[in-house]
Amino acid sequence: MQNKALICFILLASFFLGMPANGIAQVNKTDSITILDSNMHVNLKEVKIKARKKKRRKHYRSTKRYWRTVRNIRIVYPYAEMANQTISDLNKELESITSKKKRRKLIRREYKGLMKAYKEPMMKLQISQGKLLMRLIDRETGSSSYNHLKELKGSTTAFFWQAVASMFGTSLKSEYKPESRDWMVEEILERMKNGELPPPQKLNIKLEREDLK
């Protein structure tokens, strides 16, 4: 049965590809035989390959996963924006300070204020929301949470918190990848920007600062 199927396949291939089944092109009256080259050449039409079809994206918009992602973005995106603003302001202040002692005081002050303001609300985040936040921080600031922590608090502190994050199944080194893993997140943010989806929630958190002396 298998041999029969194989023979049928060879015959069909010979017919559609324009190659004689016996491999002989022609037999003339002088009994000369011309053997065709065994390599076959087939011209195929151009095929365009796309990463994702629009229909697939429209399908995802109606799934629970899509709307769960919308909800999570509305909750955690404001934290990523706040992190970007805080890091930007801190870097501007550090540029005008040459004393290492005052720089350390400034960093400790910011760290203390951030912990006081954000510790309680961020402890309420789900693990999946925390993972998303790590990637959104990379999107907004252009660098991972690990690199920010390493720059401000040193390698030892960054390594310690990376180890803690790993215990909860996440990583401070998470990068934002809009062309692959985070394509859905990027689309949702764009739709929020265009007013097609409800915008991110507002944070009712006041960051208290102490005077640097």
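What counts and what doesn't
Within each chain, residues carry numbers counting from 1 in the order of the written sequence. For this predicted model, a pLDDT threshold of at least 70 governs which residues receive local features, and a threshold of 80 or more governs which side-chain atom pairs are given and counted, while totals over whole chains, interfaces and linings are taken from all residues. Note: side-chain values were computed over all heavy atoms of the structure, leaving out hydrogens and water. Take the buried Ala, Val, Leu, Ile, Met, Phe, Trp, Tyr and Cys residues and link them wherever side-chain atoms come within 4.5 Å; each set so joined is a nonpolar core. With a 1.4 Å probe rolled over the protein chains alone, any residue whose accessible area is under 20% of its type maximum counts as buried; one over 50% counts as exposed, and the rest are partly exposed. Helix and strand definitions follow DSSP, with helices as H or I runs of at least four residues and strands as E runs of at least two, each counted in order from the N terminus. Here a residue-residue contact requires only that any non-hydrogen atoms of the pair lie within 4.5 Å. Patch membership requires over 30% relative accessible area and the absence of a salt bridge. Like charges are linked within 9 Å, and nonpolar side chains (Val, Leu, Ile, Met, Phe, Trp, Tyr) within 5 Å. A 1.4 Å probe and the Shrake-Rupley method give the accessible areas. Residues count as covered only by the protein chains that appear here. Salt bridges are defined as contacts in which a side-chain nitrogen from Lys or Arg sits within 4 Å of a carboxyl oxygen from Asp or Glu. When charges are counted, Lys and Arg contribute as positive and Asp and Glu as negative, whereas His and the chain ends are disregarded. Here the site of a charge means NZ on Lys, CZ on Arg, CG on Asp, or CD on Glu. Angles run from 0 to 180 degrees between N-to-C directions of axes, and those axes are lines fitted to C-alpha atoms, restricted for helices to the stretch in contact. Small angles under 35 degrees read as roughly parallel and large ones over 145 as roughly antiparallel, with 65 to 115 read as roughly perpendicular and the rest as oblique. We call Asp, Glu, Lys and Arg charged. Ala, Val, Leu, Ile, Met, Phe, Trp, Tyr, Cys and Pro are nonpolar, and the rest, Gly among them, are polar.

Asks: Hey, could you go over the nonpolar core for me, with residue numbers and the actual values?
Replies: By size, the foremost hydrophobic cluster in this structure holds 31 residues, and its most contacted members are Ile-73, Leu-133, Leu-136 and Ile-188. Elements supplying a minimum of two residues to this core: α3 (64–95), α4 (100–123), α5 (127–141), α6 (145–153), α7 (155–167) and α8 (183–193). Top element by residues in this core is α3. It accounts for 9 residues. With residues up to four places along the chain from it excluded, the contact list for Ile-188 reads Tyr-66, Thr-69, Val-70, Ile-73 and Leu-197. Among the nonpolar cores identified, the runner-up in size contains 5 residues, and Leu-90, Leu-94, Ile-97 and Ile-107 belong to it.

Asks: Explain the side chain of His-148 residue by residue, including any values.
Replies: Looking at where His-148 falls in the secondary structure, it is placed in helix α6. Beyond its immediate chain neighbours, meaning those up to four positions away, His-148 contacts Ile-87, Ile-137, Thr-141 and Ser-143.

Asks: Talk me through a positive patch on the surface; I want residue IDs and the actual numbers.
Replies: The grouping of Lys-100, Lys-101, Arg-104 and Arg-108 at the surface amounts to a positive patch. Residue class for Lys-101 comes out exposed when judged on its relative accessible area of 53%.

Asks: Help me get a handle on the pattern of salt bridges, residues and values and all.
Replies: Under the definition given, this model contains 7 salt bridges. Among the salt bridges present, the one from Arg-109 reaches Glu-110, with a minimum N-O distance of 2.9 Å. For the salt bridge of Arg-139 with Glu-186, the shortest nitrogen-to-oxygen distance reads 3.1 Å. One end of the pair, Arg-139, is in helix α5; the other, Glu-186, is in helix α8, with 47 residues separating them in the sequence. You can call Arg-139 partly exposed: its relative accessible area is 28%. One salt-bridge network, in which partners are shared between bridges, spans Glu-93, Arg-109 and Glu-110.

Asks: Lay out a nonpolar patch on the surface with the relevant residues and their values.
Replies: A cluster of nonpolar side chains, namely Tyr-111, Met-115, Phe-160 and Trp-161, defines an oily patch on the protein surface of about 380 Å² accessible area. Mapped onto the nonpolar patch, the elements with two or more residues apiece are α4 and α7. In this structure, Phe-160 sits in helix α7.

Asks: Describe the packing of α3 against α4, naming the residues involved and giving the relevant values.
Replies: At a closest axis distance of 11 Å, the pairing of α3 and α4 adopts a crossing angle of 170°. As judged from the angle between their axes, α3 and α4 are roughly antiparallel. Residues Tyr-79, Met-82, Thr-86, Leu-90, Glu-93 and Leu-94 of α3 form the contact with α4, whose own contacting residues are Arg-103, Leu-106, Ile-107, Arg-109, Glu-110, Leu-114, Tyr-118, Pro-121 and Met-122. The residue inventory of the contact of α3 with α4, partitioned by class, reads 10 nonpolar, 1 polar and 4 charged.

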